[in-house]
Structure formats: C-alpha cells, structure tokens
Amino acid sequence: CKEASLIAEAARRNASWLVITGEDHYVDTAQVEAVLQYLDPTVPVAMGCHGCGKGISLWGELVAKKGGLCGGCSEVLSQGALQMLAAHGRSALIKEYGMEM
C-alpha cells in the first residue's frame, strides 16, 4: 500500500509531520505550515476525514466503534503518530495498513 510505505519512510526519517494528499488536491503549504507550527509533533495526532469503517469489525473494535480515516481526503500525521504506526516495523505496518475490503 502506497500510504503505508510513505508512513514507514517518514517514521524512519523521524519527520515532524507527514502530509499525504492526492495528486489532484491543491494544498496551500504556507497555510498548513502556519497551523502546524503551533502543534507539538511528538504528540500522536492524525488529521483528515474521519468516520469511515464505522460499524465494520474488519479493522478492529475501535474503528468499528468510532470509525477511522477515510480515503480520498488528505491526511496529516504527527511524528508521534508516525512512530506509533511504525512501532512494529515496516512489514507489519504494510500488512495491516494495506488490508482492503
């Protein structure tokens, strides 16, 4: 999965923030940087469209109960979130993240 590879690489590089977006999205990078400068990148944070997968147990109890991040929207992940996602290594992340319905 492309996103899992990006997450694993950003975690390996110890990036402060990772912004994942589609090639057809416009991003005002100055505005994104202006917002992120006030946030602590070491705190696990994931921003994006939330709610997908709610009611579906395939991705675990928490996603089934509250929903997860939806595809098609941009995602912003902090360094803390990247480290949590990649804690068990690149292969484990790709195996879990790459799972599709």
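Residues numbered from 1 in each chain as written. Predicted model: local features only at pLDDT ≥ 70, side-chain atom pairs only at ≥ 80, totals over all residues. Heavy atoms only, no water.

1. Remarks on the state of the cysteines
Overall, the coordinates contain two disulfides when judged by the stated rule. Paired by a disulfide, Cys49 and Cys73 hold their sulfur atoms 2.1 Å apart. The sign of the S-S torsion, about -90 degrees, decides the handedness of the disulfide formed by Cys49 and Cys73: left-handed. Note that Cys49 is positioned in the loop between β2 (46-47) and β3 (50-52) and Cys73 in the loop between β4 (68-69) and β5 (75-78), a separation of 24 residues in sequence. What makes Cys49 partly exposed here is its relative accessible area of 33%. With a relative accessible area of 25%, Cys73 lands in the partly exposed category. Between Cys52 and Cys70 runs a disulfide, and the two sulfur atoms are separated by 2.0 Å. Between Cys52 and Cys70 the disulfide shows an S-S torsion of about 105 degrees. By sign, it is right-handed. Remark: Cys70 occurs in the loop between β4 and β5 and Cys52 occurs in strand β3; sequence separation between them is 18 residues. (Disulfide = S-S within 2.5 Å. Helix = DSSP H or I, 4+ residues; strand = E, 2+ residues; numbered from the N terminus. Buried < 20%, exposed > 50% of the residue type's maximum accessible area, 1.4 Å probe, protein only.)

2. A look at the nonpolar core
Residues Ala4, Ile7, Ala8, Ala10, Ala11, Leu18, Ile20, Leu77, Ala81, Leu82, Ala86 and Leu93 constitute the largest nonpolar core, which totals twelve residues. When contributions to this core are tallied by element, the ones reaching two or more residues are α1 (2-12), β1 (17-20) and α4 (79-85). With five residues, α1 is the single largest residue contributor to this core. (Core = buried A, V, L, I, M, F, W, Y, C linked by side-chain atoms within 4.5 Å.)

3. A short note on the environment of Ala15
By secondary structure assignment, the location of Ala15 is in the loop between α1 and β1. The residues contacting Ala15, other than those within four sequence positions of it, are Ala10, Gln79 and Leu82. (Contact = heavy atoms within 4.5 Å.)

4. Describing the pairing of β5
The side-chain alternation of β5 yields two buried faces, one formed by Glu75 and Leu77 and the other by Val76 and Ser78. Bridge count between β1 and β5: four bridges; the pairing is antiparallel. Along β5, the bridge assignment pairs Trp17 with Ser78. Here two bridges tie β2 to β5, and the two strands are oriented antiparallel to one another. Paired with Met47 across the strands is Val76, a residue of β5. (Pairing = 2+ DSSP bridges.)

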